[in-house]
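Below, each chain spelled out in residue letters.
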Amino acid sequence: MRIARFAGDDDPRFGVIGDDNGVPTIAVLNGDPLYAGLHLTGQKIPLADARLLAPVIPRSKVVCVGKNYAAHAAEMGGAVPEEPLIFLKPNTSVIGPGEPIFYPEQSNDVHFEGELAVVIGRICRDISAEDASKVIFGYTIANDVTARDLQAKDGQWARAKGFDTFCPLGPWIETDFDPSNVRVTTRLGDDLKQDGQTSDMVFDVPAIIEYVSSFMTLLPGDVILTGTPEGVGPMQVGDQVSVTVEGLGTLTNPVVSAND
């Protein structure tokens, strides 16, 4: 099931993406399905008439895993971590499909990092890898935008990863999805830059959830970014970056100057 969050007449609304006599539609839900469950209002709108938003705005946090593909760790000049390398992005960095990534004036080297993202469905702590599927609401696509020069300069990653607009998510959440071996690609314009398989992750999704939940409580709507394949590189103002996860869809965002 694909669940979208979209712009309505007033507050953002949620809906289930489906097909109505060959026309892609959104069946509108009553409230946020993370908290209210799946209750249809009976209203349907054409998908083409809806403006999709980030499918979830984490009330708490975006948890990220660094260097979770061996080839990416190598291209960054580092070894594969013995344990998952965890950092956080603020929820204020989240934007949706089609929304602009603002290139900050503090940086001259902003990179794309296409990733599979996990959406947590219920409050949890100390979850075993075997039970991880019980706390997953679904999966979406992420771009872990990074100011690479600031990452090196600061010696820690809060600023480099945390600018507003540095966490595009979307275009929807897929609740029925096997993340164990799917293709993750990133294109800059028409040029293929990243091309990896989730089977190459050092730590798979269940292992990540077990590790993260061993030291922090995960809340409904928290998002976990699972790491990026090799091929990360710079974006420039005027570029368009598209991240595709096989079976999920494509997340596309333009890059614009923060001063415009």
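Rules of the game
Residues numbered from 1 in each chain as written. Predicted model: local features only at pLDDT ≥ 70, side-chain atom pairs only at ≥ 80, totals over all residues. Heavy atoms only, no water. Helix = DSSP H or I, 4+ residues; strand = E, 2+ residues; numbered from the N terminus. Rg over C-alpha atoms; globule rule 2.2 N^0.38 Å. Buried < 20%, exposed > 50% of the residue type's maximum accessible area, 1.4 Å probe, protein only. Contact = heavy atoms within 4.5 Å. Areas by Shrake-Rupley, 256 points an atom, 1.4 Å probe, with all protein chains shown as cover. Lys, Arg positive; Asp, Glu negative; His and termini not counted. Charge placed at Lys NZ, Arg CZ, Asp CG, Glu CD. Arc of directions from axis to C-beta. Polar contact = N/O pair within 3.5 Å; in protein donor to acceptor, adjacent residues only side chain to side chain.

Colleague: Help me understand the overall build of the protein chain, please; the structure alone is not making it clear to me.
Modeller: Each helix and strand in the protein chain was counted, giving five helices and 19 strands. Taking 2.2 N^0.38 as the reference for a compact globule, 260 residues should give roughly 18 Å; the C-alpha atoms of the protein chain span a radius of gyration of 18 Å, in line with that estimate. In the protein chain, buried positions account for 51% of the 260 residues. In the protein chain, of all internal contacts separated by at least 6 residues, the share reaching a separation of at least 24 is 71%. Carbon and sulfur atoms provide 48% of the accessible area of the protein chain, an area that totals close to 11,300 Å². Across the protein chain, the 19 positively charged side chains and the 36 negatively charged ones have centroids separated by 3 Å.

Colleague: What's the story with helix α5 (residues 205-213) in this structure? I'm lost.
Modeller: Structurally, the α-helix is built with 3.6 residues per turn, so residues lying three or four positions apart point the same way. Among the residues of α5, Val 205, Ile 208, Ile 209, Val 212 and Ser 213 are the ones counted as buried. The arc enclosing the buried residues of α5, seen along the axis, measures out at 115°, which places them on a common side. The N-cap residue of α5 is Asp 204: its side-chain oxygen and the backbone nitrogen of Ala 207 are 3.0 Å apart.

Colleague: What is the right way to read the environment of Phe 203 from this model?
Modeller: Summarising the element assignment, Phe 203 is placed in the loop between β15 (191-197) and α5. Classification of Phe 203 by relative accessible area gives buried; the value is 15%. Sequence separation between Phe 203 and Val 16 is 187 residues, and the spatial gap between their C-alpha atoms is 31 Å. If near-sequence neighbours (up to four positions away) are discounted, Phe 203 is found in contact with Asn 68, Pro 81, Glu 82, Glu 83, Pro 84 and Ile 208.

Colleague: Explain the environment of Gly 18 to me, please; I cannot follow it from the model alone.
Modeller: Examined against the element boundaries, Gly 18 turns out to sit in strand β2 (residues 13-20). Taking the C-alpha atoms as reference points, Gly 18 and Lys 44, separated by 26 residues in sequence, lie 9.6 Å from one another. If we skip the residues at most four places from it in the chain, Gly 18 touches Val 23, Pro 24 and Thr 25.

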